[in-house]
Amino acid sequence: MRLIRISTRAICAVGMLAAISASAQEPAPTGHSGQGFGVKAGVGFDPEQIVLGAQFSLGRAALRLLRVIPNVHLGFGDETTWDFNVDFLARIIFEGKGYGAYAGVAPTYTIYDGDNDFGGTWVVGGQLPLVRGRATNVEARFGFSGTPAIRLLVALVF
């Protein structure tokens, strides 16, 4: 429990510092598209976990607003879980700035303690230009029907 509180505070502090430093800097001439391979890290609640993951953002779809992103997460702590998701996201990214927001839903297959379950996840997040030349996403994931309940993650896309 203590590790989760410390991790949550660290993620919030990084997010606040990034927002302050990003507003103080001149925007990069072009923002990252957010496409490609990415790594994720964060915390989960119910069960309480440290979460590591990977994603691969596929090409742009209709009107450059929709994106399909398969991803996998390993959560360890109160329980060890693997979950496999395919995020279907609607995205609004401000061209040339690197800022944006996204939301969507993901069918989710979860494996835990020798058992498995199929459910879903609501995804809400934002893209921030924290690392020059890379997309950095901060997201909240809310699971339903047998998936981990709440996860707060930071993703770096290469």
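A few points on the structure. In this text the structure is predicted, and so the values were computed from the model without any measurement.

The next point concerns the pairing of strand 6 (residues 115–128). Bridge analysis of strand 5 (residues 100–112) against strand 6 gives 13 bridges, and the strand direction is antiparallel. Looking across to strand 6, one finds that Ala101 is bridged to Gly126. Following strand 5, the chain reverses through two residues before pairing antiparallel with strand 6; Asp113 in that reversal takes a positive phi of roughly 45°. Here strand 6 runs beside strand 7 (residues 135–144); their pairing, made up of nine bridges, is antiparallel. Bridge assignment links Val124 to a residue of strand 7, and that residue is Ala140. Hairpin geometry of strand 6 and strand 7 is characterised by an intervening segment of six residues between the two adjacent antiparallel strands and by a positive phi of about 80° at Gly133.

This paragraph deals with the sheet that holds strand 2 (residues 49–57). In space, the eight strands of this closed barrel follow the order 1-2-3-4-5-6-7-8, with antiparallel pairing throughout. Mean inter-strand twist for the sheet, computed between neighbouring axes without regard to direction, equals 25°.

On to the pattern of salt bridges. As enumerated under the stated definition, the model contains four salt bridges in all. Linking Lys40 and Glu139 is a salt bridge whose minimum nitrogen-to-oxygen distance equals 3.0 Å. Of the two residues, Lys40 sits in strand 1 (residues 36–45) while Glu139 sits in strand 7, which places them 99 residues apart along the sequence. The exposure class assigned to Lys40 is buried, which follows from its relative accessible area of 4%. The partner of Arg141 in a salt bridge is Glu139, with the nearest N and O atoms 3.0 Å apart.

Considering all chains together, one arrives at one aromatic pair under this definition. Measuring from ring centre to ring centre gives 5.9 Å for Trp122 and Phe144, while their planes differ by 35°; the resulting arrangement is tilted. Residue Trp122 is located in strand 6, and its partner Phe144 is located in strand 7; the two are separated by 22 residues in the primary sequence.

What follows covers the environment of Gly120. Mapped onto the elements of the fold, Gly120 is located in strand 6. Placed 23 residues apart in sequence, Gly120 and Gly143 show a C-alpha to C-alpha distance of 5.8 Å.

Geometrically, the link from Asp46 to Pro47 is a cis peptide bond, its omega value of 5° lying close to zero. Within the element layout of this structure, Pro47 appears in the loop between strand 1 and strand 2. Its identity is not glycine, yet Asp46 carries a phi of approximately 60°, on the positive side. Assignment of secondary structure puts Asp46 in the loop between strand 1 and strand 2. One non-glycine residue, Ser145, adopts positive backbone phi at about 60°. Position of Ser145 relative to the elements: it lies in the loop between strand 7 and strand 8 (150–157).

Basis of the calculations
- Residue indices begin from 1 for each chain and proceed along its sequence in written order.
- Selection of residues for local features in this predicted model requires a pLDDT of at least 70, selection of side-chain atom pairs for listing and counting requires 80 or more, and totals for whole chains, interfaces and linings are taken over all residues.
- Remark: hydrogens and water are excluded; side-chain values derive from all non-hydrogen atoms of the structure.
- Pairing between two strands is assigned when DSSP locates at least 2 bridges connecting them.
- Here a helix means four or more residues in a row that DSSP labels H or I, a strand means two or more in a row labelled E, and each is numbered from the N terminus.
- Only C-alpha atoms enter the line fits that serve as axes; for helices the fit covers just the stretch in contact. Angles between N-to-C directions range over 0 to 180 degrees.
- We define a salt bridge as a side-chain nitrogen of Lys or Arg found within 4 Å of a carboxyl oxygen belonging to Asp or Glu.
- Here the term buried applies to any residue with accessible area under 20% of the maximum for its type, exposed to any over 50%, and partly exposed to those in between, with areas from a 1.4 Å probe on protein chains only.
- Think of it this way: a Phe, Tyr or Trp ring, Trp meaning its six-membered ring, pairs with another when their centres are within 6.5 Å, and the plane angle makes it stacked under 30 degrees, edge-to-face over 60, tilted otherwise.

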